[in-house]
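# Structural description and commentary
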Amino acid sequence: MLKKLLFFFFVLTQTFAQNPPLSDQATVSIFTCGRGEQLYSTFGHTAIRIKDPLTNLDVVYNYGAFNFSTEHFYLKFVKGDLQYFIVATSYNEFIYEYQYDGREVIEQTLDFPLVKKQELFERLNASLLSEERNYTYKFIDQNCTTMVVDKINQTYGTKLIRKVDDQTISYREVLYPYFDNYFWYKLGINVIFGAKTDKKAEQLFLPVELLNSLDAATIEGKPIVTKKEILVQEVVKTHHFSFFNSIYFVAVLLLLLLLTRKIWLYKSYLLISGLVGLFLCVVGLFSLHQEVLWNYNALLFNPLFLVLPFLKSTALRKLVLICLALLAIYLVVVITKPYVLLMIPFMITHLLMLMKLLRTLKVN
């Protein structure tokens, strides 16, 4: 703790000292950090390192900090007004965390002239003690990677860094492989994400995309990256197949539910599905995250299911037919989406349950 306070004090004094000039041995580099096991670290991380051997300066600026103890943390995160902020740490402290977790760190040293290094250094220090320190996190539009891109582009006054990865596929397709071996994350993310994630992935927002873009970037025809080095080797984790962490577990549960042939169980399940759909609709209206707006998964987890247990005869039959029609529309919408296989067990279950309710009405 004392070490952190001393380092923070050093940064403060450097800032108030009007940013002492960097020497001609100073370097600017970008860290691209590998993914972690926690959901918030699934996509990796980006940070900026400023190093000057002559002044013993070696600081890492990190735009990915947030405070778990923030009042109403999860509510703010869902709403979309959770504040992230920039922090500055020593190189050793920053790198130790990734060594401990076995997460890869790649460093790309940038060929900036001294005047641009100084300007970037001053911009970063100014952010630490100004209103720029905090920013509202947005999954695609404003995160630790986009903030770094913006700072570099602002320093050059032009769009120096441009996305080079495939922009013809959707954001959902870009993100989908990140959840291999993490079934519940994959299911949850794809259920809560709406129409925006099915747009073409034109925004540079992932750490690996920045790494690839820097490799391709040039200044006056010269590559911007002069050196690329792996500082921390990834510790490859073996993921063994788990039945309980797979689509098969969900499929078996739904199959067992269907085999009961109990109407009250069917209605109870559809009621729960309706609550999920209501949550998706409320979040879409309440949240500032563009990624959760216009969520057509509400056609599958239909809020209309909430009233099914309380209707009888003609009214119930009409509502069931409406739900079947909406389910058909949902199938047309998602048939080309990468996560359609995840939804098939739910689509089949909802179809069979609704058909069973119709047959029951005819018998009665």
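A brief structural summary. Nothing here was measured: the structure is a model prediction, and the numbers come from that model.

Here is what the cut-offs are and how they apply
- Note on numbering: residues in each chain are counted from 1, in written sequence order.
- This being a predicted model, a pLDDT of at least 70 is required before a residue's local features are given, and a value of 80 or more before pairs of side-chain atoms are given or counted; all residues contribute to the totals for chains, interfaces and linings.
- Heavy atoms from the whole structure form the basis of all side-chain values; hydrogens and water molecules are not counted.
- We define a salt bridge as a side-chain nitrogen of Lys or Arg found within 4 Å of a carboxyl oxygen belonging to Asp or Glu.
- Burial classes follow relative accessibility: with a 1.4 Å probe on protein chains only, a residue under 20% of its type's maximum area counts as buried, one over 50% as exposed, and anything between as partly exposed.
- The angle between two axes is taken between their N-to-C directions and runs from 0 to 180 degrees, where each axis is a line fitted to C-alpha atoms and a helix contributes only its stretch in contact.
- Numbering of helices and strands runs from the N terminus, with a helix taken as a DSSP run of H or I at least four residues long and a strand as a DSSP run of E at least two residues long.
- The cut-offs work like this: below 35 degrees is roughly parallel, past 145 is roughly antiparallel, 65 to 115 is roughly perpendicular, and the gaps in between are oblique.
- Working rule for contacts: check all heavy atoms of both residues, and any pair within 4.5 Å makes them a contact.
- Expected helix span is computed as 1.5 Å times (number of residues minus one).
- At least two DSSP bridges between two strands are required for those strands to pair.
- Put simply, a patch holds well-exposed residues, over 30% relative accessible area, that have no salt bridge, with like charges counted together within 9 Å and Val, Leu, Ile, Met, Phe, Trp or Tyr side chains within 5 Å.
- Calculation of accessible area relied on Shrake-Rupley with a 1.4 Å probe; when residues are assessed, cover is drawn exclusively from the protein chains displayed.
- Crossing chirality is assigned from the near helix's rotation relative to the far helix, an anticlockwise turn below a right angle marking it left-handed and a clockwise turn marking it right-handed.

### Quick look at the pattern of salt bridges
One pass over the full model with this rule turns up 11 salt bridges. A salt bridge links Asp58 to Arg49; its shortest N-O distance comes to 2.8 Å. Of the residues examined, Asp58 reaches a relative accessible area of 22% and is grouped as partly exposed. Note that Arg172 is salt-bridged to Asp198, the shortest N-O span being 2.9 Å.

### Looking at the packing of helix α9 (residues 247-260) against helix α10 (residues 263-286)
Contact geometry of α9 with α10 gives a least axis separation of 8 Å together with a crossing angle of 140°. Of the possible angle classes, the one that applies to α9 and α10 is oblique. Contacts between α9 and α10 involve Leu254, Leu257, Leu258 and Thr260 from the first element and Leu265, Tyr266 and Tyr269 from the second.

### Let's talk about α9
The terminal C-alpha atoms of α9, which comprises 14 residues, lie 20 Å apart, in line with the 20 Å expected from a rise of 1.5 Å per residue. By the burial criterion, the buried members of α9 are Phe249, Val250, Leu254, Leu257 and Leu258. One or two steps after α9, the chain reaches Arg261, where phi turns positive at roughly 55°.

### Focus: the pairing of strand β3 (residues 57-65)
Within β3, 7 of the 9 residues are buried, which leaves the element mostly enclosed by the surrounding structure. Pairing geometry for strand β2 (residues 45-52) and β3, over 5 bridges, is antiparallel. Paired with Ile48 across the bridge in β3 is Tyr61. From the end of β2 to the start of β3, which pair antiparallel, there are 4 residues, and Asn56 there has a positive phi angle of about 55°. Taken together, the 5 bridges between β3 and strand β4 (residues 83-90) define a ladder with antiparallel strand orientation. When the bridges of β4 are listed, Ala65 appears paired with Phe85.

### Describing the environment of Val333
When you line up the elements, Val333 lands in helix α11 (residues 313-334). Spatially, the C-alpha atom of Val333 lies 31 Å from that of Phe241, the residues being 92 residues apart in sequence.

### Structural notes on a nonpolar patch on the surface
A cluster of nonpolar side chains, Phe241, Phe243, Phe244, Tyr248, Val252, Leu255, Leu256 and Leu259, forms an exposed patch at the surface whose accessible area comes to about 860 Å². By the element assignment, Val252 lies in helix α9. Residue classification places Val252 among the partly exposed residues on the basis of a relative accessible area of 36%.

### Focus: the packing of helix α4 (residues 114-128) against helix α5 (residues 144-156)
Between α4 and α5, the least distance of the axes is 10 Å, while the angle of their chain directions is 130°. With respect to their mutual orientation, α4 and α5 come out oblique. Read as a crossing pair, α4 and α5 show a hand that is right-handed. Here Lys116, Glu119, Leu120, Arg123, Leu124 and Ser127 of α4 lie close against α5, whose contacting residues are Lys151, Gln154, Thr155 and Tyr156.

### Observations concerning unusual backbone geometry
If you check the backbone angles, Asn56 has positive phi at about 55° while not being a glycine. Relative to the helices and strands, Asn56 resides in the loop between β2 and β3. Taking the relative accessible area as the measure of exposure, Asn56 reaches 71% and is therefore exposed. With a phi close to 55°, Arg261 is a non-glycine residue in the positive phi region. Within the secondary structure, Arg261 is located in the loop between α9 and α10.

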